[in-house]
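# Geometric and topological summary
Here is what each chain is made of, one letter per residue.
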Amino acid sequence: MNKICFTLCLCIVSLFGLQAQKTVTGTIIGSDGIALIGVNVSEQGSSNGTVTDLDGKYSLEVSDNATLVFSYTGFTTMEIVVGDESQIDVTLSQGLQLNEVVVTALGIKRESSTLTYAQQTVDGDELTLARDVNFLNSLSGKAAGVEIQKSSGGAGGSTKIVLRGDKSLGGSSSPLFVIDGIPMANNKGSQAGMWGGVDGGDGMSQLNPEDIESISILKGSNAAALYGSQGANGVVLITTKQGKNGKAVVSVSSGVTFENRLLKPDLQYKYGSENGTKESWSTTPGDYDDNFVEDFFQTGSNLINSISVSGGTDRTKAYFSFGNVTANGILENHKYDRNNLTFKQSTKLLNDKLTIGSSVILSIEETLNRPRAGYYDNPLTGLYRFPRDRNFDDFKNNYSIVDPNTNLAGQNWFVIDHHQSNPYWLRNKETQEHENKRMIGSLTLDYQFNDKLSISARGNYDYADKRAEQRQSAGGNTTTVHPNGSWNYSKWNDELIYTDAILNYNDNFGDFSLGVIGGTSYQKTVFGKGVEVPGSAQFGLQYANEFFFQNIGTNVPVRSILNSRLVKQAVFTNATIGYKEMFYVDVSGRNDWASSLAGTGNESYFYPSFGATAILSKIITMPDFITFAKVRFSNSRVGNEVPFNVVDPENTIAASGGVNRNLQQPFDNLSPEIITSNEIGTNWRFFDDKFGVDLTLYSTVSTDQFISLPAPSGSGFSTYFVNAGKIVNEGIEVVVDITPIYTPKFLWKTSFNFWANRNEVVETHPDLGPLSTGASEGYTARFEEGGSVGDIYAFMFQRDDQGRIMLDEATARPLKTAEVEFAGNLNSDWSLGWNNSFKMGKFGLNFIVNGKFGGLAFSQTESLLDEAGVSQRTADARDAGGVAVNAVQGDTPVSMVDTETWYRQVGGRNGIGEVYLYDRTNVRLTQANLSYNATFGNVPVTFSLVGQNLFFLYIKAPFDPELAMNTTRNSASLDNFNLPTTRTFGFNVNVKF
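From a predicted model like this one, the values you see are computed outputs, not experimental measurements.

## Here's the deal with the overall build of the protein chain
When you go through the protein chain residue by residue, the secondary structure sums to 11 helices and 54 strands. In terms of C-alpha radius of gyration, the protein chain reaches 31 Å, essentially the compact-globule figure of 30 Å for 993 residues. Counting only C-alpha atoms, the protein chain reaches 95 × 65 × 65 Å along its principal axes. Per-residue burial over the protein chain gives 55% buried out of 993 residues. Considering only residue pairs separated by 6 or more positions, the protein chain has 69% of its internal contacts joining residues 24 or more positions apart. Summed over its atoms, the accessible surface of the protein chain is roughly 40,200 Å², and 54% of this surface lies on carbon and sulfur atoms.

## Some thoughts on the pairing of strand E4 (residues 57-62)
Across the two faces of E4 the burial differs, with Tyr58, Leu60 and Val62 buried and Lys57, Ser59 and Glu61 not buried at all. Bridge count for strand E1 (residues 22-30) against E4 is six bridges, and the pairing is antiparallel. Looking at the pairing, Gly26 lines up with Tyr58 of E4.

## Concerning the sheet that holds strand E2 (residues 40-43)
Across the sheet, which stays open at both edges, the four strands sit in the order E3-E2-E5-E6 with antiparallel pairing between neighbours. Bordering the open sheet on either side are strand E3 (49-51) and strand E6 (78-81), each of which pairs with just one other strand. Ignoring which end each strand starts from, the neighbouring axes of this sheet average 20 degrees apart. For strand E5 (residues 67-71) and E6, the ladder comprises four bridges, and the chain directions are antiparallel. Paired with Phe70 across the two strands is Met78, which belongs to E6.

## Topic: the sheet that holds strand E47 (residues 883-889)
Judged by pairing direction, the sheet is mixed, and its three strands sit side by side in the order E42-E47-E48 without closing on themselves. Every interior strand has two partners, whereas the edge strands, strand E42 (805-807) and strand E48 (892-897), have only one. Adjacent strand axes in the sheet meet at a mean angle of 50 degrees when their direction is disregarded. Pairing of E47 with E48, which is carried by five bridges, proceeds in the antiparallel orientation. Following the sheet pairing, Val883 is matched in E48 by Val897.

## Section: the environment of Ala105
Structurally, Ala105 is set in the loop between strand E8 (101-103) and strand E9 (109-111). Residue classification places Ala105 among the buried positions, given a relative accessible area of 5%.

## Description of a nonpolar patch on the surface
Taken together, the side chains of Val587, Phe610, Phe633, Ile680 and Leu697 define a hydrophobic patch exposed on the protein surface, amounting to about 400 Å² of accessible area. Assignment of secondary structure puts Ile680 in strand E35 (residues 674-686). Judged by relative accessible area, Ile680 falls into the partly exposed class, the value being 43%.

## A few points about helix H11 (residues 899-906)
Along H11, the residues classified as buried are Thr899, Trp902, Tyr903 and Val906. With its buried residues spanning 85 degrees around the axis, H11 presents them on a single face. Where H11 is buried, its residues contact E42, helix H9 (860-867), helix H10 (872-880), E47 and E48. The N-terminus of H11 is capped by Asp898, whose side-chain oxygen sits 3.3 Å from the backbone nitrogen of Glu900.

## Things to note about the packing of aromatic side chains
If you walk through the whole model with that rule in mind, you get 44 aromatic pairs. Taken together, a centroid distance of 6.2 Å and an interplanar angle of 10 degrees make the contact between Trp684 and Phe686 stacked. Overall, the relative accessible area of 23% leaves Trp684 in the partly exposed class. Overall, Phe686 belongs to the buried group, its relative accessible area being 15%.

## Digging into the pattern of salt bridges
This model, assessed by the stated rule, comprises 40 salt bridges. Between Glu733 and Arg164 there is a salt bridge; the shortest N-O distance is 2.8 Å. Note that Glu733 is positioned in strand E37 (residues 719-742) and Arg164 in the loop between strand E12 (159-163) and strand E13 (176-179), a separation of 569 residues in sequence. One exposure class covers both Glu733 and Arg164, and it is buried. The partner of Arg685 in a salt bridge is Asp689, with the nearest N and O atoms 2.6 Å apart. Taking relative accessible area as the criterion, Asp689 reaches 11% and is therefore assigned buried.

## Some thoughts on the nonpolar core
With 32 residues, the main nonpolar core has Tyr779, Ile792, Phe858, Val885, Trp902, Tyr903 and Val906 as its most contacted residues. Put simply, the parts of the chain that give this core at least two residues each are strand E40 (779-783), strand E41 (791-794), E42, strand E46 (856-859), E47, E48, H11 and strand E49 (917-919). The contacts of Val906, once residues within four sequence positions are left out, are Phe797, Pro814, Ser863, Gly911, Ile912, Val915 and Tyr916. If you look at the next biggest cluster of nonpolar residues, it comprises 26 residues, including Tyr375, Tyr384, Phe414 and Leu864.

## Overview of unusual backbone geometry
Unlike most non-glycine residues, Leu350 shows phi in positive territory, near 55 degrees. With respect to the helices, strands and loops of the structure, Leu350 is situated in the loop between strand E20 (335-349) and strand E21 (354-368). Among the residues examined, Leu350 registers a relative accessible area of 53% and is labelled exposed. Of note in this structure, Asn949 is not a glycine but carries a positive phi near 55 degrees. One can find Asn949 in strand E51 (residues 939-955).

## Focus: the confidence of the model for the protein chain
Detailed conclusions should not be drawn from predicted coordinates in areas where pLDDT is low. Here the protein chain shows a mean pLDDT of 88. Residues at 70 or above account for 95%. Taken together, the stretch residues 1-20 has pLDDT below 50 and engages in 15 contacts with residues farther than four places along the chain or on a different chain.

## As for a negative patch on the surface
On the surface, a cluster of negative charge is made up of Asp287, Asp289, Asp290, Asp295, Asp393 and Asp394. Looking at the secondary structure, you find Asp287 in the loop between strand E17 (246-261) and helix H4 (292-296). Given the relative accessible area of 79%, Asp287 is considered exposed.

## Brief notes about the environment of Phe70
Looking at the secondary structure, you find Phe70 in strand E5. In this structure the C-alpha to C-alpha distance between Phe70 and Val556, which are 486 residues apart in sequence, comes to 68 Å. With sequence-adjacent residues up to four places away left out, Phe70 is seen in contact with Ile28, Asn40, Val41, Tyr58, Thr76, Thr77, Met78, Ile80, Ile88, Val90 and Leu92.

## Considering the environment of Ser31
Looking at where Ser31 falls in the secondary structure, it is placed in the loop between E1 and E2. Ser31 sits 61 residues away from Leu92 along the chain, and the two C-alpha atoms are 6.2 Å apart. In this structure Ser31 touches Thr91 and Leu92, once residues within four positions along its chain are discounted.

## Focus on H10
Every buried residue of H10 is listed here: Thr874, Ala875, Ala877 and Arg878. Buried residues along H10 cover an arc of 160 degrees about the axis, so they all sit on one side. Considering only its buried residues, H10 is in contact with H9, E47 and H11.

Conventions we followed
- Residues numbered from 1 in each chain as written.
- Predicted model: local features only at pLDDT ≥ 70, side-chain atom pairs only at ≥ 80, totals over all residues.
- Heavy atoms only, no water.
- Helix = DSSP H or I, 4+ residues; strand = E, 2+ residues; numbered from the N terminus.
- Rg over C-alpha atoms; globule rule 2.2 N^0.38 Å.
- Buried < 20%, exposed > 50% of the residue type's maximum accessible area, 1.4 Å probe, protein only.
- Contact = heavy atoms within 4.5 Å.
- Areas by Shrake-Rupley, 256 points an atom, 1.4 Å probe, with all protein chains shown as cover.
- Pairing = 2+ DSSP bridges.
- Axes fitted to C-alpha atoms, helices over the stretch in contact; angles between N-to-C directions.
- Patch = residues over 30% accessible without salt bridge, like charges linked within 9 Å, V, L, I, M, F, W, Y side chains within 5 Å.
- Salt bridge = Lys/Arg side-chain N within 4 Å of Asp/Glu carboxyl O.
- Arc of directions from axis to C-beta.
- Polar contact = N/O pair within 3.5 Å; in protein donor to acceptor, adjacent residues only side chain to side chain.
- Phe/Tyr/Trp six-rings, centres within 6.5 Å; stacked < 30°, edge-to-face > 60°.
- Core = buried A, V, L, I, M, F, W, Y, C linked by side-chain atoms within 4.5 Å.
- pLDDT = per-residue confidence, 0-100.
- Lys, Arg positive; Asp, Glu negative; His and termini not counted.
- Charge placed at Lys NZ, Arg CZ, Asp CG, Glu CD.

What follows is the structure in structure tokens.
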């Protein structure tokens, strides 16, 4: 590392040592003659540049034979060779973006106006505005149809992303992630559940956002059909930065953000416990400490630094970067550290016909003590429920005490309770470590036979070595920890090998244009291959607190693990036919061979796709205020991933030792899930591109789901699979972008991303009842025929014909239904992202407001706080003399119920969930960035104030429903002692030499 830093320093020194040859001055105006403030003036191929002042003037020292580049948002970029001139005045005209080149499937670039499907591009600079540790969170609200849920696991946690709704009953609905045209692994680590656990992160959290040039989102399978089954749920295409022709440019970005709680439970500190109980149900007010919860949380910090060097010649270009993230969370001892190293190069040989490109991306990610969610071993359960009349400092300052029977230090806590432990014991004596080491290496060969025909071959190796370790000291909670201590240890690796060869042909035949690609690919994945040592109250250590293999108990099963193994081979082709730049037709097909279907006779399966677009503004004469108009249609048929180890499952090693005999009938007639998509859309631009609308309507039908059913009696199996079921997703996406103010001195651009998705489980299987997709005590998420993915069922109040809550005649407790009943859906009805960008001279302001409207969220936290009498609502009810209700006890109307009687019944682990269902609707200021561009000498510097998740404009739930307990499909908008949502704010400095 020291050698690298030394080399970079030499580059910087040498750049400063280059002497400019002359000074060029001038004035830049718009076509209306008004001076333009803040125009970027740069020397092509270098970092040398400046911006115009309040009078539109500039002055810049440049080298001999320099070319000046004049760029300004909303205006056409100009390039002028300096030559012998010392004064260059420029008039910039307003420019259109209609022929923007975008990245599509397999990394192929096309003009956006020719696309037959919906696609949105997010510039890489937008991902770094808010300085989020995981850049995927920065996509929220920036593209229609993209649902983002952030993990409650803090720095290093994973992110849930779904494009156009859930499409599978049993499989994943996550999109495929692609880097520079090549698929990558985005495997999630462990996930928290009702009983506890942590978020183990995902593959995307390991990338350096400073390396990203742009992200192209292919929302539907129509756009992603060339990726076959992998692209059935859409594709997120990541294009990384590369070296550019010219002198070396060094870019340094350094920033710090601070993090604190935005929302917290509304707790009471007025009433304590009675007779030493673990709940706070006294009816006598007291003066109790109200700071111990607040003091448990600290101000977090995130240090984000990166440096990059890029440059090159006409023949060879190179890009190098190093990035570091060091984070301290809002919980004690939660630390996250990530180092990224990236190198890319490309060289032209054989008279520039052959281009050889290579890249290496390295990442080392280390996390200590990730925050937990769920009941067990979670410091928040004991913290929030702590009886108010006790002295918390007694347990904070002395979280461990020596047990005279064992002579071991164990936790000091006021009660033995499986739900709760001393929070400080958990943060100091039950520690976790997660380590991920990753390498993504690729090699690309492109050969240009002539201006019409080329061929490319690519190879990629994506390897990750991972370790997760939890050390629970002796003397912890006896429900989860062995008397001598427990050790959970897992070490595994993920491996993805990918290679393809693609032939590309482009030509024009009179009024017709033709673009054809054809290729073949091979991919092998081996995920989750390694070893696992379970630790629990049953499986522990032989000698206390010695955490190594030789000390594990003789009954602890050390197991080999393998999550999945798959080989896929494919051939594919795509043809784009254009006529007079008015009409375009896309036809594609792909055939896959998958090893997971071996032995079924369905190993080979074909996917076709068709699309057409007509550019109306070129076909017919339109009014002057219409700048551009087109309509489009596409249809595709794509398969979804086939699960590993389903066709002929093997026996497995049991967690308790021994062998689990396979009881699933071999699925020898398995066929892939099929997703058929239809999409229509239209794009309109008005008033010289100052107003634009992109409207998309889509319908996605998923059939042949993998459904598990009970096997017939006497078959020798307990379950078997069938292909059945039908899920329909229908939705609308509207993207509106407007430039309300367009003057040389002030620019305001705004855009709205609106989307709504309707999901329906049209049919399942005659033998299949309701299928659970996640549950917690008091509620379950499930779907059944006629319902939707994300439907939530909960225990409700029993009510009479007048709608009054029925009370038990003997105890006056509210009665709940015998079974859970349908309550609503966890998914929002519609979403809106509002993006704004202001530019006034050297100042810039960007902010995003995101809104989710409709849907439900559920809080197990609030339910248990009520049961323990520590929520503010329980104190308010005691102050009021009881809970006001519209109830009936026998035949007697009741308007008030005793507070403790009420909340002990409705709250708790398995209470009446109806009370804890909340409207998911929320509107927030998601991010903001205030920047100032300055120039010191010829060195441009940008200073920024940044903020993220700053405040809610509107929220109904007492917690953040967009903060997921885990990022699987099963726990959307579920709060079970999640880490509170946080806001971040800070500053960043970016310098280019």
